[in-house]
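Here is how the chains run, residue by residue.
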Amino acid sequence: MSRLAEDRIGAIIIFGPPGAGKGTQARRIAARCGIPQVSTGDMIRDEMHRETELGRKAQNKIAAGKLIGDELVNALATARLAQPDCERGFLLDGYPRTAGQVGHVDRLLQSLGHRTTVIEIQIGYNELIRRITGRRLCPKCGAIFNIHSQPPAISDVCDVCHARLVVRTDDRAEVIGERLRAYEEETRPIFEVFRNKGEMIHAVQGEEAEEVVFETIFGLLDRI
Ligand code: AP5
Ligand code: MG
């Protein structure tokens, strides 16, 4: 039976380099499946926006494109995944992304008994630079826009909640190299951990239009 017809959807993990479209797709897939999108990046940005202690600690690292420490991120994710809306499953966007996080997630998923699907959205360098430099984010509701491909109806204003859109502090050209390095050197190696457990990494071509990528991922989830 397709997992989408089952009561428990389980864990869907979306990997991909910065700008691949994880957040854009995660939001849509999560909404369609009726499970929450759990994005550690969004959670950290929310802490920064609310100027909490964690947010203040994270600020410089984010602006420099460096990863936040495993302990902090694992604690944030653990608390979020314990919420009742995660019982049927959840979609992980940007987590885990280091060896120290994947071990933690593995134990967590085993204890929850969740079936896991791992997806990587693939995208070439030129397109990801174009996407990152064109991205505009709503700081209030988290909606994602792009001045090239998904412009808001009114320039710099969120279509959903009408807040003023912002450019992320880590979307500056000089920071992108460090974010890519972190993905290649710290995140990509953890694919091996999944493969060693017999999990397949489902590669999805991310350079297609948003709708096409969505249908590809949704179709995949429906089949397996
Ligand atoms: P995070 O927020 O996770 O950022 P990221 O992984 O670098 O990825 P992005 O959010 O930049 O890209 P995306 O793939 O979500 O693309 P999007 O859908 O927005 O992490 C940020 C930072 O937080 C990290 O660097 C680190 O410091 C910290 N952090 C987070 N998690 C952590 C963890 N687990 N451990 C340690 N530190 C952590 O799309 C990009 C743009 O393209 C948008 O403008 C969108 O509109 C557009 N677009 C999307 N799809 C398409 C399409 N198909 N065609 C055309 N345009 C498209
Ligand atoms: Mg994102």
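Located above this text is the structure these notes cover.
Residues numbered from 1 in each chain as written. Chains lettered and ligands numbered in written order. Predicted model: local features only at pLDDT ≥ 70, side-chain atom pairs only at ≥ 80, totals over all residues. Heavy atoms only, no water.

Enquirer: A description of the site of ligand 1 should follow, citing residues and the corresponding values.
Expert: Among the 35 residues in the neighbourhood of ligand 1, the closest are listed as Thr24, Lys66, Arg135, Phe145 and Arg179. The side chain of Thr24 places a nitrogen or oxygen atom 2.6 Å from an oxygen atom of ligand 1. At 3.0 Å from a nitrogen atom of ligand 1 is found a main-chain nitrogen or oxygen belonging to Gly94. Protein burial of ligand 1: of its 1000 Å² of free accessible surface, 96% is covered by the chains. Mapped onto the shell around ligand 1, the elements with two or more residues apiece are helix 1 (22-33), helix 2 (40-49) and strand 6 (144-146). If you tally residues by element for the shell around ligand 1, the top one is helix 2, at four residues. (Near = heavy atom within 4 Å. Polar contact = N/O pair within 3.5 Å; in protein donor to acceptor, adjacent residues only side chain to side chain. Areas by Shrake-Rupley, 256 points an atom, 1.4 Å probe, with all protein chains shown as cover. Helix = DSSP H or I, 4+ residues; strand = E, 2+ residues; numbered from the N terminus.)

Enquirer: So what about the packing of aromatic side chains? Which residues, and what values?
Expert: Applying the stated rule across the entire model yields three aromatic pairs. Here the aromatic rings of Phe15 and Phe194 are separated by 5.9 Å at their centres, their planes lie at 70°, and the arrangement is edge-to-face. Remark: Phe194 occurs in helix 8 (residues 191-196) and Phe15 occurs in strand 1 (residues 10-15); sequence separation between them is 179 residues. Neither residue differs from the other here; Phe15 and Phe194 are each classed as buried. (Phe/Tyr/Trp six-rings, centres within 6.5 Å; stacked < 30°, edge-to-face > 60°. Buried < 20%, exposed > 50% of the residue type's maximum accessible area, 1.4 Å probe, protein only.)

Bear in mind that shape data such as this cannot, by itself, settle questions of function.
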